[in-house]
Amino acid sequence: MSTTPSILMALAQAMQQRRIEVVDLTQTLTPEFPQISLPPEYGQCWPFRLEEVAQYDARGPSWYWNNFSCGEHTGTHFDAPIHWVSGRHLPFNSVDTIPVEHFVAPAYVIDCVAQTQADPDYLLTVDDVLAFEAAHGRIQARSWLFMRTDWSQRTDPEAYQNFDETGQHTPGPSTEAVRFLIEERDVIGFGSEAIGTDAGQGFHLKPPYPCHYLMHGSGRYGLQCLTNLHLLPPAGAVVLAAPLKIQKGSGSPLRVLALVERT
Amino acid sequence: MTRRGYDDVAVAVPVTVPYIRYSPRSAHWFVARALEDLLQASGLDKPSIDGLCLSSFTLAPDTAVGLLQHVGLSPRWLDHIPTGGASGVMAVRRAARAVQAGDADIVACIAADTNHVDTFRQTLGSFSQFARDATYPYGSGGPNSIFAFIMAHYMQKYGANREDFGHIAVAQRHNALRNPNALFKQPLTLEQYLSARPIADPIHLFDCVMPCAGAEAVLVMSSARARDLGFAHVVLRGAIERHNAFAHDPIFERGGWRVDRAELYAQAGATPAQVDFVQTYDDYPVVSMIQFEDLGFCDKGEGPAFVRSHNLQFDGTFAHNTSGGQLSSGQAGAAGGFLGLTEAVRQLTGAAEQRAVPGAQLGLVTGFGMVTYDRCLCTGALLLGAAA
Amino acid sequence: MSMPMPPPKRKNPALRTRPMHPPPAARSRIGLGLTAAAARGELALQVCQACGAHQYPPRESCCRCPSTHLKWQAQSGLGQLLAITTLSHSNDLFFRERLPWRLGMVALDVGVSVLVHLHEDVDTPNQNVRVLARLDRAGQAVLIAVPTQPSPHWQETSMMREMGCDPKHRKILITDGKSPTGQALARACVSAGAQTVWVGHAEPWKKLPGLDELAALPGVSLIPLDLTNERDVAKVSGGIGGKVDIVINNAEAHRTHGIADRAGTDAARFEMDLNYFGLLRLAQSLGPALKGRAADGPANAVAWVNVLSIYALANFPAHGTYSASKAAAYSLAQCLRAEMRPFGIRVINVFPGPVEDEWFQSLPPPKLNPDVLARAIVKALQEGTEDVYPGDVAQEWLQRWREDPKILEREIAAGDGQ
């Protein structure tokens, strides 16, 4: 019997010794956190709501608990392929049928902070990806691509949503960048700090909402309302992102955690 | 059809259970005490009382029926009259007919009420449907505001001033000082009357009666029976009652007595000038003044002049409320409707002690009561005569 | 002549807040006919259908002829003052705490004498007066005699302020300032002399025109408020609840669906969550503070207004789920009224017909202009009426509904109901 620890035991030890840190990439679920807002005649995503059931009182003397309600796409959440029309017929396309091994994957973080500060409608380009790879190496297959914009630091909901009379203005990927990431890099999915994986003005791209359309249409996933991306290295983090096992679910709020090696 | 007279009816044994401002006792106790006093003063036993007429505001949940088992009477004639200030007159009228018809031989007529600290307020709240809907919500604290309107209207229309009403109150206090049962023991001057604190102007403190606990009672029987038993007694010379009269007068300024007063005097074969004393129901001096008019002592609107030109003391030119009336004795609930009756019997049987009206032969007793909304509904009057 | 009411002095926080002791609330069943009419702002008396005699106090039988056929009919209230008194004493706590209090006896032209509260400008015997029926702080009808030509500030006397819920010098919460009605309400309350108007708004990232202009009006502050968020409601309550004198709950969700024309319950649930549960949350949270302050000086807590819909009475199928949510809110508002009334707080329910806003866009006129609706609500507050049916459509629906709700139901289904 070998005395060298198994990979998993080595991982556990490294975590205990803080050589591997756990970074929380999740926004707290509160009633104030904004949810995606569609034109009023459409069905809407529920905001997160908490209704107290008891708090050590007549409703329940020794305990405290709440009932909560929200949409599948409230807060930091996972999008499954079935969420979009382009992915509706793919196999294993809902949160309960996605192969579970897909919920653990490496993540690359592309810094678009400066560009987004200058232009909230900034679109990630293929050149941005290539420049990233020149500095940090090629994006490996079946990895997440996160667009870091520090958008999560907009704690005022109005600034986070950033609506004006022409609609929402938040950053996202260009159609070409999405195609590249799918066809040339076989990513497992795209992650954003903003309310959606697509840019706020994504309706006007071709196809409309290309990240949803093309990623889900090819059986890939989305993560949105991420935070703390500034604590991740550009490459090398491993992300755990397992949505709730909702029967035929299109997505769910979830805890997104990143394992980061500290040297 | 002419109405039958009352000549063969006697009223005897006037009883007063001493008035007390507040009592924790129930009205049942005051009824029982009045009955005990009647029996003691008359020497009769309970079975001799074969008729009972009862009036009380605070007997709930009982009425006269509940009292029978309570006090141990088995009458063959029973009446409960919830008519407050008119109940003395009305009790005697009813008892008189029972006695004349032979339905009862000796009828005890009793009015009794207790007074707890919250009795007045509680009684007001559930006095009548009209009061509940149209009076109490206005905060009027009972009949005070109603009679304020009546007094103000009367003053404005007929030129009465507060002094005129003051004379009535002051004279009654003079009389009350000679009534051991009266709750007020101090003299009252006109200045004191005028400067007293307002209640609901123009009603001031000494225009109002003081609610208290107590009882008044008499026995009614045939004159023959009264003579047989050796009771000092009075005879009933005339009696009227009228309810809800002048219902369409916008505001009260004349009462039901006006309607039937000619008949009252005709029954007695007398005129107002022959009346030796008047016991009016005096919840407020303005009501007494209106009764002077409506019972024929002066014309409508002449009340102020009448009061200014007469001395209303028991020993004056127009003896009025010789016991002090309710204004100076106190109002023991429904017993206020009997107070003038028992006083009249005392005056006419030589039992009025220090306040006797000299040579009294004929006395007038009125009844007035039951403000359900904006006026009293019940009126009545008796003419009582000394026994021959 | 009544003077305008000056702004009340600041309260001394060291003093205990007086609880409210409403005036006597008991009425007989027949006496409640007066209250039913006063709730709509009307003086009504029973009139004998056989001989035409008017009746007062309310009763079961004509005071003149044998008939028991009496019908409530609206009255002008004109009459002549018979007598005046000023109470310096009362056994009733409400009046005791507000002495001296003036009462009068009035001979109405129609031939009955009525005991009334007396406006301070009525002071001469035989003066011609008008008698109004208003709800008092017990929520029951009382009669008040006012001059036939009242002076401009006649509603600002302390007696009239006890009867009504005047916004003047009071602090008001309007739950939704984003809708046209909400904005009109904010402007109308400011015009009516409100000292403070808090205007709630949900989803601050959703910019709708008009909201920012409101904040520029004197006394107006915007506060985030989402009635679907229990914690939001608790936060607002904790912040301003102790100061709110009048709540105007106009926040609503309105979609234009019945049952068959939309799949799923999400739109209907949104309507219920805001229109019904929103009221429940807000009432649970803010109710206690209002109840405690009903006797808190001249700028006391007085009213809770719910902007419902005439469709709460009878369902309008094209907006069927909206109608149902308003019906639920109406029922709950009645529950709220029963709970608030003993504390002297008036719950005022407003039932407008279609309003000129985006969700009623497809309905033909007549539609209610939001400013007209807002003025009707302010008037209801000033007069203390508790059931308000503003506009022609609402008035007509009400009449049809009262005559026979079943017939109205069929008329609406046939498309004649709007």
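All of these numbers come straight from a predicted model, not from anything done at the bench.

Visitor: Got a minute to help me understand the overall build of chain C in this structure?
Guide: On a plain count of helices and strands, chain C comes out with twelve helices and 15 strands. Against the 2.2 N^0.38 benchmark of 22 Å for 418 residues, chain C shows a C-alpha radius of gyration of 22 Å, consistent with a compact globule. Projected onto its principal axes, the C-alpha coordinates of chain C cover approximately 65 × 60 × 30 Å.

Visitor: Explain the sheet that holds strand E11 (residues 189-192) of chain A to me, please; I cannot follow it from the model alone.
Guide: Two pairing modes exist for strands in a sheet, parallel and antiparallel, and in both the strands are linked by backbone hydrogen bonds. All names here are of chain A. Spatially, E1-E15-E13-E5-E7-E11-E12-E4-E14 is the arrangement adopted by the nine strands of the open sheet, whose pairing is mixed. Strands at the two margins of the open sheet, each flanked by one partner only, are strand E1 (20-24) and strand E14 (251-253). With strand direction ignored, the average angle separating the axes of adjacent strands in the sheet is 25 degrees. The sheet contact formed by strand E4 (residues 77-79) and strand E12 (residues 221-224) spans three bridges and is antiparallel.

Visitor: What should I look at first to understand the arrangement of the chains in this one?
Guide: For this structure, the chain pair with the highest number of contacts among two pairs of chains in contact is chains B and C. In this assembly chain A lies apart from chain B, the nearest approach of their C-alpha atoms being 38 Å.

Visitor: Would you explain the domain arrangement of chain C in this entry?
Guide: When the parts come together, some accessible area is lost, and that loss is often what is quoted as the size of the interface. Residues and elements named next belong to chain C. By domain assignment, chain C separates into domain 1 (32-163) and domain 2 (171-413). Inter-centroid distance (C-alpha atoms) of domain 1 to domain 2 is 31 Å. Secondary-structure elements contributing two or more residues to the side of domain 1 that touches domain 2 are strand E7 (128-135) and helix H3 (158-163). Each residue belonging to the side of domain 1 that touches domain 2 can be placed in one class, and the counts come to three nonpolar, three polar and four charged.

Visitor: Whenever I open this one, the pairing of strand E14 (residues 346-350) of chain C confuses me. Can you help?
Guide: The side chains of a regular strand alternate, residue by residue, between the two faces of the sheet. All names here are of chain C. Of all five residues in E14, five are buried; the element is thus mostly enclosed. Because side chains alternate across E14, one face comprises the buried residues Arg 346, Ile 348 and Val 350, and the other comprises Val 347 and Asn 349, equally buried. Sheet topology note: the strand E13 (residues 303-307)/E14 ladder contains five bridges and is parallel. Paired with Ala 303 across the bridge in E14 is Arg 346. With helix H9 (residues 320-340) bridging E13 and its parallel neighbour E14, the resulting β-α-β unit is right-handed. As paired strands, E14 and strand E15 (residues 387-388) are joined by two bridges and run parallel to one another. What sits directly across from Val 350, in E15, is Val 388.

Visitor: Looking at this structure, how should I read the sheet that holds strand E1 (residues 44-48) of chain C?
Guide: Residue and element names in this part refer to chain C. Read from one edge of the open sheet, three strands run E2-E1-E3, paired in antiparallel fashion. What marks the edges here is a single partner per strand, and that holds for strand E2 (54-55) and strand E3 (70-74). With five bridges joining them, E1 and E3 adopt antiparallel strand pairing. Note that in E3 the partner of Ala 44 across the bridge is Ala 74. Along the sheet face, helix H1 (residues 32-39) touches E1 and E3 and points at about 130 degrees away from the line of E1.

Visitor: Explanation requested: the interface of chain B and chain C in the structure shown.
Guide: The interface is formed by 32 residues belonging to chain B together with 33 residues belonging to chain C. Among the elements of the structure, helix H4 (119-125), helix H5 (129-134), helix H6 (143-158) and strand E5 (198-200) of chain B are those that each provide at least two residues to the side of chain B that touches chain C. In terms of residue count, the dominant contributor to the side of chain B that touches chain C is H6 of chain B (six residues).

Visitor: Even after reading the chapter, I still don't get the environment of Asp 176 of chain C, so can you show me in this structure?
Guide: Structurally, the position occupied by Asp 176 of chain C is in the loop between strand E9 (171-174) and helix H4 (180-191). Judged by C-beta crowding, with 24 C-beta atoms within 10 Å, Asp 176 of chain C ranks as buried.

Visitor: In this structure, what is going on with the nonpolar core? I would like to understand it.
Guide: Soluble, globular proteins show a tendency: their nonpolar side chains are buried together. Counting 169 residues, the largest nonpolar core has Val 92, Val 107 and Val 220 of chain B as the members making the most contacts within it. When neighbours within four sequence positions are excluded, Val 107 of chain B is seen to be in contact with Gly 51, Leu 52, Cys 53, Trp 77, Ala 95, Ala 98, Val 99, Leu 219 and Val 220 of chain B.

Visitor: Before we go on, may I ask you to explain unusual backbone geometry in this structure?
Guide: Glycine aside, residues mostly have negative phi, and peptide bonds are mostly found in the trans state. Residue Pro 202 of chain B follows Asp 201 of chain B across a cis peptide bond; omega there is 10 degrees. Along the polypeptide, Pro 202 of chain B turns up in the loop between E5 and strand E6 (203-204). Cis geometry marks the peptide bond from Tyr 56 of chain C to Pro 57 of chain C, where omega comes out at 0 degrees. Looking at where Pro 57 of chain C falls in the secondary structure, it is placed in the loop between E2 and E3. Notably, Tyr 209 of chain A is not glycine yet its phi reads approximately 50 degrees, a positive angle. Positionally, Tyr 209 of chain A belongs in the loop between E11 and helix H6 (210-217). Taking the number of C-beta atoms within 10 Å as the measure of exposure, Tyr 209 of chain A has 22 and is therefore buried.

Parameters and conventions
Residues numbered from 1 in each chain as written. Chains lettered and ligands numbered in written order. Predicted model: local features only at pLDDT ≥ 70, side-chain atom pairs only at ≥ 80, totals over all residues. Helix = DSSP H or I, 4+ residues; strand = E, 2+ residues; numbered from the N terminus. Rg over C-alpha atoms; globule rule 2.2 N^0.38 Å. Pairing = 2+ DSSP bridges. Axes fitted to C-alpha atoms, helices over the stretch in contact; angles between N-to-C directions. Contact = placed C-beta atoms within 7 Å. Domains from an automatic or database assignment. Nonpolar A, V, L, I, M, F, W, Y, C, P; charged D, E, K, R; others polar. Buried ≥ 20, exposed ≤ 12 C-beta atoms within 10 Å, placed from the backbone. Right-handed = clockwise from strand over helix to strand, strands pointing away. Core = buried A, V, L, I, M, F, W, Y, C linked by C-beta atoms within 7 Å.

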